Amino acid sequence: MREALTSNYAAAYAVKAADVDVIAVYPITPQTTIVEKLSEFVSSGELDAELIHTESEHSALSAVLGAAAAGARVFTATSSQGLALAYEVLHIASAMRMPIVMATPARALSAPINIHNDYSDVMNMRDTGWVIYIASSAQEVYDTVIQGYRVAEGVNLPVAVAYDGFLMSHTLEPVELNDEGEVAKFLPRAARPHVLDPRRPVTFGPLVSPDWYYEFKYQQVTAMNEAREWVVKTDVEYGQWFGRSYGLVEGYLLEDADYVVVTYGGAAYGNARAAADLARERGVAAGVLRIRLYRPFPTGEVVKALSGVKTFAVLDRAIMFGSPAEGPLYKDVVLAMYLHGVDKPSLNVIHGIGQRAMYVRDIYKVFQALREGPGRGVMYMGVRP
Amino acid sequence: MREALTSNYAAAYAVKAADVDVIAVYPITPQTTIVEKLSEFVSSGELDAELIHTESEHSALSAVLGAAAAGARVFTATSSQGLALAYEVLHIASAMRMPIVMATPARALSAPINIHNDYSDVMNMRDTGWVIYIASSAQEVYDTVIQGYRVAEGVNLPVAVAYDGFLMSHTLEPVELNDEGEVAKFLPRAARPHVLDPRRPVTFGPLVSPDWYYEFKYQQVTAMNEAREWVVKTDVEYGQWFGRSYGLVEGYLLEDADYVVVTYGGAAYGNARAAADLARERGVAAGVLRIRLYRPFPTGEVVKALSGVKTFAVLDRAIMFGSPAEGPLYKDVVLAMYLHGVDKPSLNVIHGIGQRAMYVRDIYKVFQALREGPGRGVMYMGVRP
Amino acid sequence: MLEVRFHGRGGQGIVTAAQLLAAAAIYEGKYAQAFPEFGPERRGAPVKSYLRIWDRPIYVREPVLNPDVVVVSDLSLFKAENPLEGAKSVVVVNGFYKTPLRTYALDATALAVKVLGRPIVNTALVGAFVKAVEVVSLGAVLKALGKYFQGRLYELNARLVEMAYREVREI
Amino acid sequence: MLEVRFHGRGGQGIVTAAQLLAAAAIYEGKYAQAFPEFGPERRGAPVKSYLRIWDRPIYVREPVLNPDVVVVSDLSLFKAENPLEGAKSVVVVNGFYKTPLRTYALDATALAVKVLGRPIVNTALVGAFVKAVEVVSLGAVLKALGKYFQGRLYELNARLVEMAYREVREI
Amino acid sequence: MTLPGASQLPIGAVVTEPGSTRRNTTAGWRAYKPVIHDDRCVRCQLCWLYCPEGTIVELRGVFQIGGRKYDVKYEVVYDYCKGCGICANECPTRAIEMVPEVV
Amino acid sequence: MTLPGASQLPIGAVVTEPGSTRRNTTAGWRAYKPVIHDDRCVRCQLCWLYCPEGTIVELRGVFQIGGRKYDVKYEVVYDYCKGCGICANECPTRAIEMVPEVV
Amino acid sequence: MRFKTLRDLPREELFAPGHRMCAGCGAAIAMRWVTKVLGPNAIVANATGCVEVTTTPYPETAWMHPYIHVAFENAAAVASGIEAAVKALRRKGRWTAGDTKVVVIAGDGGTYDIGLQSLSGMLERRHDVLYILYDNEAYMNTGIQRSGSTPKFAWTTTTPVGAAARGKVQWKKDIMGIVMAHRVPYAATASISHVLDLANKVKTAAEVRGPTFLHIFAPCVPGWRYPENKTVEVARLAVETGYFPLYEWDHGKLRLNPPSNNHLDKSKRRPLREFLNVQGRFNHLTEEEVAELERELDSYWQYLSKLASISS
Amino acid sequence: MRFKTLRDLPREELFAPGHRMCAGCGAAIAMRWVTKVLGPNAIVANATGCVEVTTTPYPETAWMHPYIHVAFENAAAVASGIEAAVKALRRKGRWTAGDTKVVVIAGDGGTYDIGLQSLSGMLERRHDVLYILYDNEAYMNTGIQRSGSTPKFAWTTTTPVGAAARGKVQWKKDIMGIVMAHRVPYAATASISHVLDLANKVKTAAEVRGPTFLHIFAPCVPGWRYPENKTVEVARLAVETGYFPLYEWDHGKLRLNPPSNNHLDKSKRRPLREFLNVQGRFNHLTEEEVAELERELDSYWQYLSKLASISS
Ligand SMILES: Cc1ncc(C[n+]2csc(CCOP(=O)(O)OP(=O)(O)O)c2C)c(N)n1
Ligand SMILES: Cc1ncc(C[n+]2csc(CCOP(=O)(O)OP(=O)(O)O)c2C)c(N)n1
Ligand code: SF4
Ligand code: SF4
Ligand code: SF4
Ligand code: SF4
Ligand code: SF4
Ligand code: SF4
Ligand SMILES: [Mg+2]
Ligand SMILES: [Mg+2]
């Protein structure tokens, strides 16, 4: 069924389709309309779930963690300050192996306070042991939230589905909705290894000494690798069921590209594609590589996609202060290439911070810069120094 | 004056020497003994400060932020869950340019809960815009907290002084204490650009739109670069005043080393030095490079130190799940080398997670591995897979 | 690609107006994007929203700088700011105010008061837009309207859309 | 490098014992390290602490697996665990229990009760250690003691250290 | 862009000019504007008391209205009045009228 | 090391055996041990009530003590008794004695 | 010295116009009076919310006081730090601005919910801070979501009215009860409709040493769904129907203030319905639901009267 | 059905020995009785603290209930989620364990301070959860730091006694007052010295639907500095001196329980000094300080008596 939805509403529709049992949320711009839509679904009776309006995001994530431990299918959503406030629980949720699905319309972090989009919130959770998708259309948000449940429950890890705040969360677009009965079949309730059950009592969250702790961290390392396989498999099967799949990375005009922009999210990918079109019109072999699965990082796919290019730029939408180069994706890509012994010049372009207007012509300039000569380092675009 | 102090007490003595005005803290193992010592100093009248025992770490950091905004010299300390709970305010403190000094005896993050040492807490704050030192002896903790005030107040950024929980925080060692009158002169009260003053009212923490936000993030990027210079300058001057300085990185047997372990903190650096001694005894040209200033990253110094070696291993004490290679320092070092166009094989060794016992012989094995042949990738040491 | 900018006041529903038209285009098989501008301004303050319609998938997510069409919900907005900045060809306006561009006008306030009993002009402007720009059909707009209003409110707004469609004229 | 392991019970102060000796060594210009083992065990549970003394700066921070000296604060600990695991040469023990290693014994409990009026044995064991191992001087220990105890408590503990120093003997 | 750059701005986004929202007139927010009919005003101060914008000012002076003399007078500073109509609603003598803005 | 490896352990550090601290005897914590002199015991249950370790057990049966007959009897499970002495302190008849542990 | 008539009220405006609050905002009226009565020697710590977002659009500020906003949940902690700084610096001879009062301004979300803990900590530690809560009974800044302060049955975007729900399910939290349980020296309620009373309470609360608390009722145009010229009227109805009683908790004694001091006698209160009927958020209420709200209100008044009687 | 005599109390132990709590720990006694009375059909959410750390040394657990520990400050939020899950799964036919009770166990630090907000949220939302606070009046797990529950003048490692300080400066927070202000159906105090009373309160609180709260007094050997065999004695003295009154707040009515119901008459209370004198943490107290504590206690009893009288 073809609908016109914002990415936030698309996430809410996916949650409804997944027949989630417990939702716990706290409002924050730009996530709020997800919560509002879910509140509507629950109060109209369209979704049979407990909706907990907690008193903070720390509690929201804690509540879904508790509910997941009790065997419920759960959902939460937050952005920016909310994500930062729940930071402690992010680590705990992944280490306790809770299959939580969370929508994360990305928003700039305070200070100063800014409700608009960049990826500083999401990028700051990149090491917390969550599976992280970054979607680039409302359709993909819908599909990925559904896929997320399969992955989360398959590998027992929490899954975040990130996308641009405002630029997607509040942008109405076409979305094809699945038959909810089919979704139910796609997402059967799996038996969980352990739940809080008075008939088979187990202890979650013990104190673990140096003799044992490392092993659980290593389990997480292993689980991340398994998650990569789950993501691939789920995406393929989802495609078979519902006709849409995405891969771990997505290329645009990549086949014969010499100059590639690597990026993530809606605005950056959208505008980069438009810029590549422009560049191609002017005879530049431009291409775009989008990272859809950000964690675990699709190292192999990225290296493969970039092995044939002359040079590339990584367009980042967040700043990691004090790092040798400040773009988070740039660090991943450079490391990925290094691990595979591929050494190519590349640029880190930082743009769209705090939703600084990012134009197609800006990204076109990046292609120009790549053509003008190889470089290594960071280029701050769009800022008034 | 020669004293026998744990690193936690060393931090407390430095705070006393700095004549701090406001301290806000919340107890957590292994930070607690700092708080206890400071409580003693204040209640005995040796330190004239307001000591706020807040109801959480989020509030502790918020309180010192408020006090700093009002023009006070401030101190806080936390570890692990406390650092994670205060995560939101970490970002805000740096962006609001507050000269806070924080001691951070490093501890493993939950889940599962483990009170022992690794660097997963500190490494998770590496992108928050704080200046981060990692000390490797109680003496250095003392010296660095004092230096930290000069840097923090010079460049208007918060400074974290990290070190091994337990392995240093609770280990008694020799510490040379400075004359407190001299410290007072070394740390004059500088006039701050803006404070909360009813006679010159300013507004801190406004709402900033996409038209302005990026510029403040760029200011932070610039400030980080300035911070690097402040750290160097302060360290040199401190050496002139008090006879001890450290540099941004510290080398051990580096001059002619072919095989180098790069690492941070007390146990890793200490044991690596002992291992290098062992390796040297057996004819291996082993050396150790310790990162003292972790943020802003001393890119130039690291590249310089590693340019002449055959191969190196980065010994990390934290796991960044789902990254192409999971060691945080490894990512920085690889990126630093890449930016300077140096490509050398190297290993990422992960060890000591949750204070898994890390022996000199283990690190000796790393030297052996390096000698056996170049590699790229991650080696989990000390774990039972 | 058709690009549109809406000018209104906080609380007048111009975000909904842009969404209604985007949804209508989508129901007709076209591609569309509708998005608001967002700031600290509250009820009463001048605000904007945007619309893109195309017959191909829309990649681009940059701000609209040169709208083909501008919709202005209130004449007093001309005093508060310049709704015509960067505009290319058409203006749809509540009130008979002739602009240098091709101007479609109607007294949406009067119409809304007449039909809804309240001066909520967004759906009237949607009706006027449909007539002025001819990019979506009235039928698709009514379908979209059904997602935003139910029951009696739907009927009244549907009537308002149709009346506005009929009454708007180029000046 | 001298490596020492202390065995005691939560609440008996063996962390302080190791620290006193480390501090004494440091005041004498030596290098030293004292550190506790830490777990969920509370008051009454068997616990350990460690000590290293050297005349060069001590880099190493690995656990002590093969202590040169073991100090045991309580005979019942031999029932609870094996305090001699990995031990190399000397044992200092509260109570007359002969071990396979060179054993220095004293009735620290009786001594402590006599001097302090309470069975707190850690400082007595420090005195015994000083005599048995001869790595730090009694004077330095008394100086270190001054950092941990003030006034009357200092005096009593100093006396206890000295008495233990005198009374301990090899068995 | 003509806005200042990062190096020109005070650090940490501090706003150094107190009360500077005054630079932002909110007259454009108004669809209706309040007009005080001074002859009906009994100087009860309520409009001044309740205006959310603080944009009704009290003028001191000698004011003769009809047969009465007052030492104050209330006037709207139209630069900031948002036209909420609270003053008109609260005025006990209906001395304030809300009239539509015209272009 | 003989401890199991990561792949053998339940994920997420779940402990699957309820009450498994029983594997850890805390007898070694004791410096003194409680000895119940059954002849002085009046079956008031207080030692059983207050023992923090739950390590005083109530045995059912027929017990003849002096001239009296009881259907219960209290005994210490020494595996877990930490020797805190609460039972002795609370016993109204001083039927419980704390005696030093010997090696 | 109390303000006796409107004539005594301060004339100088210390809260600049040009801010971006809604036309007709109740909180704006509160801010005007709070700032005027405090006078210039005060420092304001503000929690995230409507007031903060609308008054500090960079590079402008409506504030004429030294002002700081850090985050949503920690204004009381920030204020604790400022107060400690002033204290320490004064002791050390480095605070020269005199007798500066530290004031928190926070919404109901920032007080009843996400900021409750930092408030409680501040009260427990006895900081000399005046905490001002402006209560618009929902998260307005993010677009009208339910808070712990939202009354039962009220519509918000997260408590919609649908087949399976009738607005908010739970009762409004008793924040004054919670604050009074912290044994603060002074706490009071006030309404933007009763400015003289409000002004006197700001003054008293600022003068008392130690933690004080002011709960200001501040209607919200879009959140409560009433026409923007009705803000003061709605607030007045809240007081006159007894929905929002005016009272002071003064060193352990509860004192009802006019007109609420007459309202122990229910017949002196206007019918609750009058307050509910002007607001769209209560549009859907059935007779029964109104009756339930009335019953609850009556029992709240009983509690208040007992509190007043035992504490006198 | 209430337990009338000790004979009625459940015999089965549901809290395993071998845990690592201190010899003589008061909280251990509380845990034994809480778990016994709850019976097996309950889920426990535990906050970080002594109890958690000592009972779950991997790979062991003292718990025989399904148990979860997540962090220090969020046990009430975790429990809220569990309760919601049980509710949703039951409605959807997927909860087959019957009438499972969800219970929080948290220390005073996790309740008065860092966990207060999640507790308040849980109470406001009316989750069907029994919240059990074991109060040892400081952060014991981290080595005896002051909490909001630490009494005035008490020594802790962060409220040392020195030239410029005499132990804790502030009063103990009135957590029961705060909880009662949330209008919970049932809340009560209990002491490990009065097990029958405690057991009956656990039972009642578990049976009431909606959020309930139990405040259990649990002395701590190293934290309060008394010999380890005195735990029950100290707790008993707390009750008998009136320092820790036993009472229930039952659907809006306050009822003092024996022996505290006799203590409105001060002469029936043992002198506060008897409670203070056994504990090293009060060693330094002067006569005046004791007198101040007594005065405060008297005024607390006045408050209680008024509360009892108005609510009856
Ligand atoms: C940690 C965190 N969570 C959520 C938000 C989003 N947020 C900002 S203001 C606000 C609502 C404020 O409500 P209230 O305190 O009642 O003030 P009001 O807006 O109603 O004036 C919310 C939810 C935030 N800024 N930080
Ligand atoms: C966010 C956070 N801050 C601090 C801690 C450290 N911490 C763990 S338990 C504890 C004290 C617990 O005190 P309380 O709740 O009174 O329980 P008790 O230990 O006294 O039984 C502290 C401070 C933590 N685990 N998490
Ligand atoms: S209409 Fe509103 S803003 Fe304008 S003067 Fe009247 S009260 Fe003030
Ligand atoms: S409210 Fe009316 S009568 Fe009162 S001062 Fe204002 S204009 Fe005059
Ligand atoms: S000594 Fe303590 S642990 Fe042992 S049986 Fe008695 S009460 Fe229980
Ligand atoms: S306390 Fe004493 S008398 Fe009572 S049952 Fe126990 S041993 Fe017997
Ligand atoms: S939404 Fe409500 S509280 Fe916020 S500015 Fe508008 S009227 Fe005021
Ligand atoms: S420290 Fe206190 S509360 Fe903790 S286990 Fe020991 S006696 Fe119990
Ligand atoms: Mg509000
Ligand atoms: Mg406690």
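Small disclaimer: the values here were computed from a predicted structure and weren't measured. The residue numbers shown here count from 1 along each chain, following its written sequence. Numbering of ligands from 1 and lettering of chains from A proceed in the order in which they are written. Thresholds applied to this predicted model are a pLDDT of at least 70 for local features of residues and 80 or more for the giving and counting of side-chain atom pairs; totals over whole chains, interfaces and linings are not thresholded and use all residues. To get the side-chain values, all heavy atoms of the structure are used, and hydrogens and water are removed first.

A. View of the sheet that holds strand β4 (residues 69-72) of chain C. Residues and elements named next belong to chain C. Reading across the sheet, the seven strands line up as β2-β3-β1-β4-β5-β6-β7 and stay open at both edges, with mixed pairing between neighbours. Both outer strands of the open sheet, β2 (31-36) and β7 (169-170), are each paired with one neighbouring strand and no more. Both strand β5 (residues 90-94) and strand β6 (residues 102-106) contribute to a ladder of five bridges, which runs parallel. Bridge pairing links Val 91 to Thr 103 in β6. The contact criterion used is simple: two residues touch if any of their non-hydrogen atoms lie within 4.5 Å. To get an axis, fit a line to the C-alpha atoms, keeping to the stretch in contact for a helix; angles then go from 0 to 180 degrees between the N-to-C directions. Working definition: helices are DSSP H or I runs of at least four residues, strands are E runs of at least two. Numbering for both runs from the N terminus. Strands in contact with helix α1 (residues 14-27) are β1 (2-9), β2 and β3 (46-54); relative to β3, the strand with the most contacts, it is inclined by about 5°. Two strands are counted as paired when DSSP detects at least two bridges linking them.

B. Main features of the interface of chain G and chain C. Contacts between chain G and chain C engage 13 residues on the former and four residues on the latter. For the chain G and chain C pair, buried surface summed over both sides reaches about 660 Å², with 60% attributable to carbon and sulfur atoms. Salt bridge, as used here, is a side-chain nitrogen of Lys or Arg placed within 4 Å of a carboxyl oxygen of Asp or Glu. Taken together, chain G and chain C are joined by zero salt bridges. The definition of a polar contact used here is a pair of N or O atoms within 3.5 Å, where within protein one atom must be able to donate a hydrogen and the other to accept one, and adjacent residues in sequence count solely through side-chain atom pairs. Inspection of the region where chain G meets chain C yields zero residue pairs in polar contact (both at pLDDT 80 or more). When residues of the side of chain G that touches chain C are traced back to their parent elements, those giving at least two are α2 (50-55) and α8 (221-224) of chain G. By residue number, the principal contributor to the side of chain G that touches chain C is α2 of chain G, which donates three residues. Polar here means any residue outside two lists: the nonpolar Ala, Val, Leu, Ile, Met, Phe, Trp, Tyr, Cys and Pro, and the charged Asp, Glu, Lys and Arg; Gly therefore counts as polar. Partitioned by chemical class, the residues of the side of chain G that touches chain C number nine nonpolar, two polar and two charged. Here's the idea: put two parts together, see how much 1.4 Å probe accessible area each one loses, and the total over both is what we call buried area.

C. View of the coordination of the magnesium ion (ligand 10). All names here are of chain H. Looking at the magnesium ion (ligand 10), one finds its protein donor set to be Asp 108 (OD), Asn 136 (OD1) and Ala 138 (O), positioned 1.9 to 2.1 Å from the metal centre. When the donor residues of the magnesium ion (ligand 10) are listed from N- to C-terminus, their spacing reads D-x27-N-x1-A. Of the two residues, Asp 108 sits in the loop between β3 (101-107) and α4 (109-113) while Ala 138 sits in the loop between β4 (129-135) and β5 (161-162), which places them 30 residues apart along the sequence. Shown as donors are all N, O and S atoms within 2.8 Å of a metal ion, widened to 3.2 Å for Na, K and Ca; because water is not in the atom set, sites may appear incomplete.

D. Structural view of the nonpolar core. By nonpolar core is meant a set of buried Ala, Val, Leu, Ile, Met, Phe, Trp, Tyr and Cys residues that side-chain atoms within 4.5 Å join together. Think of it in three bands: residues with accessible area under 20% of the maximum for their type are buried, residues over 50% are exposed, and the middle band is partly exposed, with areas taken using a 1.4 Å probe on protein chains only. Of all hydrophobic cores here, the largest spans 415 residues; its most connected members are Ile 68 and Phe 275 of chain G together with Ile 68 and Phe 275 of chain H. Those residues in contact with Phe 275 of chain H that lie beyond four places of it in its chain are Phe 217, Trp 224, Val 234, Leu 237, Ala 238, Thr 241, Tyr 243, Arg 281 and Phe 282 of chain H.

E. Looking closely at the pattern of salt bridges. Applying the stated rule across the entire model yields 144 salt bridges over all chains. One salt bridge in this structure joins Arg 20 of chain G and Glu 60 of chain G, with 2.9 Å as the shortest N-O distance. Note that Arg 20 of chain G is positioned in the segment before α1 (26-38) and Glu 60 of chain G in the loop between α2 and β2 (67-69), a separation of 40 residues in sequence. As far as burial versus exposure is concerned, Arg 20 of chain G and Glu 60 of chain G are alike and both buried. Across the pair Asp 265 of chain G and Lys 268 of chain G runs a salt bridge, and its minimum N-O distance is 3.6 Å. One continuous salt-bridge network, built from bridges that share partners, spans Asp 19, Asp 21 and Arg 189 of chain A together with Lys 92 and Arg 94 of chain H.

F. Region of interest: the domain arrangement of chain A. Residue and element names in this part refer to chain A. What counts as a domain boundary in this text is fixed by an automatic or database domain assignment. When the domains of chain A are assigned, the result is domain 1 (2-242) and domain 2 (249-380). Domain 1 and domain 2 are separated by 27 Å when their C-alpha centres are compared. When domain 1 packs against domain 2, the two sides together hide about 2200 Å² of surface, and 55% of this comes from carbon and sulfur. Considering only the surface of domain 1 that becomes buried against domain 2, Met 123, Arg 126 and Arg 228 emerge as the three largest contributors, covering 27% of it. Our count for the contact surface shared by domain 1 and domain 2 stands at three salt bridges.

G. The arrangement of the site of ligand 1 in detail. Proximity is defined per residue: if any heavy atom of the residue lies within 4 Å of a molecule or strand, that residue is considered near it. What surrounds ligand 1 is a group of 24 residues, the closest being Glu 57 of chain A together with Gly 109, Gly 110, Tyr 134 and Asn 141 of chain G. Residues lining ligand 1 come from chains A, B and G. Here an oxygen atom of ligand 1 sits 2.9 Å away from a polar atom, N or O, in the side chain of Asn 136 of chain G. At a separation of 2.9 Å, an oxygen atom of ligand 1 approaches a polar backbone atom of Ala 138 of chain G. The method behind every accessible area is Shrake-Rupley, applied with a 1.4 Å probe, and residues are considered shielded solely by the protein chains displayed. When the free accessible area of ligand 1 is taken as 580 Å², the share hidden by the protein chains comes to 99%. Those elements that place two or more of their residues in the shell around ligand 1 are α4 (80-85) of chain A together with α4 (109-113) of chain G. The residue inventory of the shell around ligand 1, partitioned by class, reads eleven nonpolar, nine polar and four charged.

H. Representation of the coordination of the magnesium ion (ligand 9) in the model. For the magnesium ion (ligand 9), the full set of protein donor atoms is Asp 108 of chain G (OD), Asn 136 of chain G (OD1) and Ala 138 of chain G (O), at a range of 1.9 to 2.1 Å. For the magnesium ion (ligand 9), the single-chain donor residues occur in sequence as D-x27-N-x1-A.

I. Broad picture of the environment of Val 42 of chain F. All names here are of chain F. Within the element layout of this structure, Val 42 appears in the loop between β1 (32-36) and α1 (46-50). Along the backbone, Val 42 and Arg 68 are 26 residues apart, and their C-alpha atoms lie at a distance of 9.6 Å. Apart from residues no more than four positions distant in its own chain, Val 42 is found in contact with Tyr 70 and Thr 93.

J. Structural view of the site of ligand 6. As a matter of local geometry, ligand 6 sits amid Cys 41, Val 42, Arg 43, Cys 44, Gln 45, Cys 47, Tyr 74, Cys 91, Pro 92, Thr 93 and Ile 96 of chain F. Considering only residue class, the shell around ligand 6 consists of eight nonpolar, two polar and one charged.

K. Quick look at the relation of the copies chain B and chain A. Fitting of the copies onto one another was done by least squares over C-alpha atoms, counting residues only where both copies have pLDDT of at least 70. You can overlay chain B on chain A at an RMSD of 0.0 Å; the transform is a turn of 180° with a shift of 0.0 Å along its axis. Each copy turns onto its partner about a two-fold axis.

L. Looking closely at empty space enclosed by the protein. Of the grid points, spaced at 1 Å and generated over the protein atoms alone, those admitting a 1.4 Å probe that cannot get out make up cavities, while open sets with protein on both sides within 12 Å along at least five of seven lines make up pockets; any residue with an atom within 4 Å of a point is treated as lining. Grid points are joined across faces, edges and corners, and a volume is the space filled by probe spheres set on the points. Taken as a whole, the largest cavity holds about 380 Å³ of empty space. Lining the largest cavity are 34 residues, with Thr 48, Gly 49, Phe 72, Asn 141 and Thr 142 of chain H sitting closest to its centre. Counting residues per element, the lining of the largest cavity draws most heavily on helix α4 (residues 80-85) of chain B, at three residues. Of the residues that constitute the lining of the largest cavity, the class distribution is 16 nonpolar, 13 polar and five charged. Looking at the second largest cavity, its volume works out to about 250 Å³. Taken together, 20 residues line the second largest cavity, and the ones lying closest to its centre are Leu 85 of chain A, Leu 85 of chain B, Ile 114 and Gln 117 of chain G together with Gln 117 of chain H. Listed by contribution, the elements that provide at least two residues to the lining of the second largest cavity are α3 (57-69) of chain A, α3 (57-69) of chain B, α5 (116-124) of chain G together with α5 (116-124) of chain H. Counted by class, the lining of the second largest cavity contains four nonpolar, twelve polar and four charged residues.

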